[in-house]
Amino acid sequence: MAKLTSKKSDTHSNKRARIEVSKAAKRDAPTSRPQAEQIITVEATSKPQKPSKSKGKEKAADSITDGGSLADESTTPPRTFKIVAGSYEKLLYGLEGSTTVSDGEFGYEIHIKPIFAFPAHVSCIKAVAASPNGGKWLATGSTDEIIKVWDLRRKKEIGGLMHHEGSITHLNFPSRSHLLSASEDGTLCLFRARDWTVLRSLKGHKGRVNSVAVHPSGKVALSVGKDRMLRMWDLMRGRGSASTKLGKEGELVRWSIDGSLFVVQAQSTIDIYDTTMSLIRTINHPSRLHDVRFCKRINGEGEVLLACAEDKKTSIYEVTKNDVPSRIVGIMTGHTNRVKAVDTLAISLPGSTPSGRLTTTIVTTVSSDGNVHVYDMAALPLDSTSKEVLEIKPAASYSTKGTRLTCVTLADGEVLTSAVDLAKKRKHDEEVESDDSENDDEWAVEEEEEEEEEEEEEREED
């Protein structure tokens, strides 16, 4: 496999990220390490705008409603799915999931089977993310400072993004066409998936960035880091829009599904905020937390908060927007060691047709015990006043035989598609392509102006 290298340009004219492509041999078997089809080396980035120093909470809320958007329109839930998990041992595991009709409680069963396993990096894998609405792209980040990009459908490596100068801490696909990364080098980076150009390089954190979360609208992102700051970024303009001091190092930040709330996790606490960045209340979990994520209820309305912890369980918290304390309404059991990460995905069930769809939401967790568990949110009953905590057991499981798993993502598989959905998809793809072209033109004009200014400064110095 070709060696990935990173080079920095000293010329003023080299404003955009450039891509170097080299072809290599194709991968022979699903269980062997994929060979690079092309190597992507980011050499330079567009000059970013300076982050805004404004700390106005009103501006934070306004940023969500103003401007354009990176978000994709919702599509039909897939009838199959893929699970991809990373590990301390540098191994990447891929599983494929499906449902079949059965005589069980819900009338169906969930099945998962392995489809690949190979060493993806030369160091510990810290982050993994799959693109939504089709699940074509997979991105993995490591302490080796490289973001690997994979074609998940063909199980092939596309290349490595060499932009960051520190361990990759978090990856997120806000849409099918954009990837957002965070690193210990203190920066966030927005890539365009069409050619993996660096669109934005966001600087503002002093020290490691631990986590980044994009609002469902795709317009803004939140980040937390070692500097104990919570920062909001305007993704349309490529600059900071608000910030506030947390008083502690935030380890994770997550938006609710409807975008009306977000949480910041630190050690064993979960702080719940509204869109003005005002603290609503704090949840004190009994043990050290490793991951949190919002999830819609299947039975009843509203959302719940999934909390993975050192206690070997994933606790399900009831979340309300009033002053009512959040309480645990269920626990997902089955692991024998700390639960490290969780992800969710809506899927179509057997019996669904393009005109009438039956759906549920699956929850996937990974642990240091080496097991991957899949749970069904349909097992959580309607809201009730009962103080009894429901225990939910795995609907499907897979063992890596002791590999210490660190991160997980869920990706779409096959989709049951109607003619109406195909027409909507074509229209949406055309609109996205048009929006990308307009943004590229705007960015190109800014680059030309910057180059002219630099050339003028050089003539004055001479």
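Residues numbered from 1 in each chain as written. Predicted model: local features only at pLDDT ≥ 70, side-chain atom pairs only at ≥ 80, totals over all residues. Heavy atoms only, no water.

### Considerations on the overall build of the protein
Formally: Numbered from the N terminus, helices here are DSSP runs of H or I no shorter than four residues, and strands are runs of E no shorter than two. Relative accessibility under 20% of the residue-type maximum defines a buried residue, over 50% an exposed one, and the middle range a partly exposed one, all with a 1.4 Å probe and only protein chains included. Working rule for contacts: check all heavy atoms of both residues, and any pair within 4.5 Å makes them a contact. To be clear on the numbers: accessible area is Shrake-Rupley with a 1.4 Å probe, and residue cover counts the displayed protein chains and nothing else.
Helix and strand counts for the protein come out as 2 helices and 29 strands. The 462 residues of the protein split such that 54% are buried. Taking contacts inside the protein between residues at least 6 apart in sequence as the whole, the part at least 24 apart equals 57%. Per element, the accessible surface of the protein, about 20,700 Å² overall, is 47% carbon and sulfur.

### Description of the side chain of threonine 169
So the rule is basically this: By the criterion applied in these results, polar contacts are pairs of N or O atoms within 3.5 Å in which, for protein atoms, one can donate a hydrogen and the other can accept it, and in which residues neighboring in sequence qualify only through two side-chain atoms.
By the secondary structure assignment, threonine 169 is in strand E8 (residues 168-175). Residue threonine 169 is classed as buried on the basis of its relative accessible area of 16%. A polar side-chain atom of threonine 169 sits 2.6 Å from the main-chain carbonyl oxygen of valine 209. Not counting residues within four places of it along the chain, the set of residues in contact with threonine 169 comprises Lys126, Ala127, Ala182, Ser183, Glu184, Arg208, Val209 and Asn210.

### Comments concerning the sheet that holds strand E26 (residues 371-376)
How we decide: The pairing criterion is simple: DSSP has to find at least two bridges between the two strands. Angular values range over 0 to 180 degrees, each being the angle between N-to-C directions of two axes fitted as lines to C-alpha atoms, with helices fitted over their stretch in contact.
The strand order E24-E25-E26-E28 describes an open sheet built from 4 strands, whose pairing is antiparallel. Where the open sheet ends on each side, the last strands, each with one partner, are strand E24 (339-348) and strand E28 (396-399). When strand polarity is set aside, the average angle formed by the axes of neighbouring strands in this sheet is 15°. In this structure, E24 lies alongside strand E25 (residues 359-367), joined through 9 bridges in antiparallel fashion. In the sheet register, alanine 341 faces E25, and the bridge partner there is valine 366.

### Points about the pattern of salt bridges
Here is the rule: Between Lys or Arg on one side and Asp or Glu on the other, a salt bridge is scored when a side-chain nitrogen of the former is within 4 Å of a carboxyl oxygen of the latter.
Evaluation of the coordinates by the stated rule reveals 15 salt bridges. Note that glutamate 414 is salt-bridged to arginine 79, the shortest N-O span being 3.6 Å. In this pair, glutamate 414 is assigned in the loop between strand E29 (405-412) and helix H2 (419-461) and arginine 79 in the loop between helix H1 (57-65) and strand E1 (81-87), connecting sequence segments 335 residues apart. For arginine 79, a relative accessible area of 40% gives the class partly exposed. The salt bridge partner of glutamate 318 is arginine 297, with a shortest N-O separation of 3.9 Å. You can see glutamate 318 sitting in strand E22 (residues 314-318) and its partner arginine 297 sitting in the loop between strand E20 (289-296) and strand E21 (303-309), a full 21 residues away along the chain. For arginine 297, a relative accessible area of 9% gives the class buried. Within the structure, one salt-bridge network assembled from shared partners comprises Arg297, Glu318 and Arg327.

### Quick notes on the packing of aromatic side chains
Where we set the bar: The pairing test for Phe, Tyr and Trp rings, Trp by its six-membered ring, is centres within 6.5 Å, and the orientation test on the planes gives stacked under 30 degrees, edge-to-face over 60, and tilted for anything in between.
Inspection of every chain in the model, using the stated rule, returns 6 aromatic pairs. With 5.4 Å between their ring centres and 35° between their planes, phenylalanine 116 and phenylalanine 118 make a pair best called tilted. Their ring planes at 5° and their centres at 5.0 Å tell us that phenylalanine 262 and tyrosine 273 sit as a pair that is stacked. Of this pair, phenylalanine 262 sits in strand E17 (residues 261-266) while tyrosine 273 sits in strand E18 (residues 269-274), placing them 11 residues apart in sequence. Cluster of aromatic residues (ring-pair linked, three or more members): Phe116, Phe118 and Trp150.

### Notes on the sheet that holds E8
The strand order E8-E9-E10-E11 describes an open sheet built from 4 strands, whose pairing is antiparallel. Looking at the sheet topology across the chains shown, the edges are occupied by E8 and strand E11 (197-203). The average undirected angle you get between the axes of adjacent strands in this sheet is 20°. In this structure, strand E10 (residues 187-192) lies alongside E11, joined through 6 bridges in antiparallel fashion. Residue pairing across strands places cysteine 189 opposite serine 201, the latter belonging to E11.

### Brief notes about the pairing of E8
In regular strands, side chains alternate between the two faces of the sheet. Counting buried positions along E8 gives 8 out of 8 residues, so the element sits mostly inside the fold. The hairpin turn running from E8 into strand E9 (residues 178-183), its antiparallel successor, is 2 residues long.

### Quick look at the side chain of arginine 231
Our working definition: We score Asp and Glu as negative and Lys and Arg as positive, and we do not count His or the chain ends.
Looking at the secondary structure, you find arginine 231 in strand E14 (residues 229-234). Here arginine 231 sits buried without a salt bridge, and the closest side chain of opposite charge, aspartate 227, lies 4.0 Å off (N-O distance). For arginine 231, the side chain forms a polar contact with the main-chain oxygen of glycine 204, separated by 3.2 Å.

### Structural notes on the pairing of E14
Burial analysis of E14 places 6 of its 6 residues in the buried class, which makes it a mostly covered element. Burial of E14 is two-sided: the residues Met229, Arg231 and Trp233 facing one way and the residues Leu230, Met232 and Asp234 facing the other way are all buried. Examined bridge by bridge, strand E13 (residues 220-225) and E14 share 5 bridges and lie antiparallel to one another. Within E14, the position partnered with valine 220 by the bridge is aspartate 234. Hairpin connection from E13 to E14: 3 residues lie between these consecutive antiparallel strands, with arginine 228 at a positive phi of about 65°. Hairpin connection of E14 to strand E15 (residues 239-245): 4 residues between the antiparallel strands, including glycine 238 at a positive phi of 70°.

### A closer look at the environment of tyrosine 93
Relative to the helices and strands, tyrosine 93 is located in strand E2 (residues 91-101). For tyrosine 93, a relative accessible area of 9% translates into the label buried. Ignoring sequence-local partners within four residues, the contact set of tyrosine 93 consists of Ile83, Val84, Ala85, Phe116, Ala117, Thr400, Thr403 and Leu405. Within the structure, the side chain of tyrosine 93 is placed 2.7 Å from the side chain of threonine 403, a separation counted as a polar contact.

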